[in-house]
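Architecture at a glance
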Amino acid sequence: MRLGTLLGSGVGLIAVAILAGCDSGPDTAKLANTKADAAARLKESRAAKLKAAAKVKANELGQIPVLMFHRIVPKPATTDDRSPQQFRAELERLIREDYVPITAAEMVAGKIDIPAGKHPVVLTFDDSSPSQLTLNEMGVPQKDTAVEILKDMAAKHPGFRPAATFYVTRDMFGKTTREEQAQYLLWLKDNGFEIGNHTRDHHNLRGRTQKEVEEQIGSIAQQISGLSYTNPTTIALPYGNQPSKKEWALRGKLYHHKGAFLAGYTPAASPFSKSYDPAGIPRIKVMEKKGDCAQFCSAAWLDWLKNNPDMRYTSDGDVRTVAYPKYKNPYLRKSYATWSLAY
Ligand SMILES: [Zn+2]
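Owing to the predicted nature of the structure, the values given are computational and were not obtained by experimental measurement.

D127 (OD), H198 (NE2) and H202 (NE2) make up the full set of protein donors to the zinc ion, lying at 2.0 to 2.1 Å. Mapping the donors of the zinc ion onto the primary sequence yields the spacing D-x70-H-x3-H. A residue pair is termed long-range when its members are at least 10 positions apart, and D127 in the loop between β3 (119-126) and α5 (146-156) and H198 in the loop between β5 (194-197) and α7 (210-228) qualify at 71 residues.

Before going further, it helps to spend a moment on the state of the cysteines. Throughout the structure, instances matching the rule amount to one disulfide. A sulfur-sulfur distance of 2.0 Å marks the disulfide that ties C293 to C297. Its S-S torsion of about -60° marks the bond between C293 and C297 as left-handed, since a negative value means left-handed. C293 gets classed as buried once you look at its relative accessible area, which sits at 5%. Residue class for C297 comes out buried when judged on its relative accessible area of 4%.

This brings us to the packing of aromatic side chains. The full count for this structure, using the stated rule, is 14 aromatic pairs. For the ring pair F166 and F173, a centre distance of 6.4 Å and an interplane angle of 65° mean the geometry is edge-to-face. With respect to burial, F166 and F173 carry one shared label: buried. Between the aromatic rings of Y167 and F261, the centroid separation amounts to 6.4 Å while the plane-to-plane angle is 40°, which identifies the pairing as tilted. Taken together, the positions of Y167 in strand β4 (residues 165-168) and F261 in strand β9 (residues 259-261) put the pair 94 residues apart, joining distant regions of the chain.

A residue-level look at the chain finds 92% of positions with pLDDT of 70 or above and a mean pLDDT of 92. Low pLDDT, under 50, characterises residues 1-22; the stretch is placed with one contact to residues that sit more than four places away or in other chains.

Moving on to the environment of S270. With respect to the secondary-structure elements, S270 resides in the loop between β9 and β10 (284-285). The buried category is assigned to S270, whose relative accessible area is 0%. Sequence separation between S270 and A155 is 115 residues, and the spatial gap between their C-alpha atoms is 29 Å. When near neighbours in sequence (up to four residues on either side) are disregarded, S270 contacts E60, L61, G62, I64, Y276 and Y313. Polar contacts involving the side chain of S270 include one to the main-chain carbonyl oxygen of E60, which spans 2.8 Å.

Cut-offs used in this document
Residues numbered from 1 in each chain as written. Predicted model: local features only at pLDDT ≥ 70, side-chain atom pairs only at ≥ 80, totals over all residues. Heavy atoms only, no water. Donors = N, O, S within 2.8 Å, 3.2 Å for Na, K, Ca; no water. Helix = DSSP H or I, 4+ residues; strand = E, 2+ residues; numbered from the N terminus. Disulfide = S-S within 2.5 Å. Buried < 20%, exposed > 50% of the residue type's maximum accessible area, 1.4 Å probe, protein only. Phe/Tyr/Trp six-rings, centres within 6.5 Å; stacked < 30°, edge-to-face > 60°. pLDDT = per-residue confidence, 0-100. Contact = heavy atoms within 4.5 Å. Polar contact = N/O pair within 3.5 Å; in protein donor to acceptor, adjacent residues only side chain to side chain.

Next comes the structure, spelled out in structure tokens:
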């Protein structure tokens, strides 16, 4: 019945349009009405968006934890290592506390596409070790490697994206032939993981000449793109140390990065916030609250973000807007002004 009425009125409209098209000019009164209708609809949908953003307490100028992992090994040898059990427990905590992983590339591009009320987290893995990625001859990840655990957790918990960023050096997950290296990088790419730059030789870049810095970053960029047809858009600086001019890490003849990541010690500013510096984005070491990690590693910071929800990034579920309480307006970066949804 309803469909019939709709179809009927549609035919009527077409008839009017054809008649009007014969000899009379455009019906300006009608056009003005349509414009007013469209404006009213836009206003209505904006009001609905504002209401929805307020309902989930969206805070897209809030902080994002960027977690830094190294090896995932059964017997951790240093405080950088995590066991598969520890890694699983960390992911379970993130799931429980409504985090959804995004890649570093998505973060720096401002493409934070997660459901309303959820918080982004960036999982990063440095040094391209076999404990992160080892595949059999069919391309299946070995049990208890980082990628296997990520995929397994995502399968068990719908809504948890197996997204992560792998910062690669010439070590290339322990693979030495060009074909094997290509297989590994292409597998990461095909499975939605990001391949990032961690320099060729993992030298400390502090105090080096611009030529040396460009060599270290550019040569591995060239190797990655030759093997996987991917140009990394983010870099993790070895030891978290910036070169003498921090911009050298972002732009060189063979690379153009949108973000350079450090090694410590706080959550990162939202890419939409004025506090954000793409040349030095902080990361958080993954570790319990003990020793040096009593305050500045993952367990402590996740506690803090949980206890200070006004400081944490919360999504409104719409990737096309930057939603936040109006009070935070002065912190919005100008380049995102047109996306602003301040409630
Ligand atoms: Zn490293």
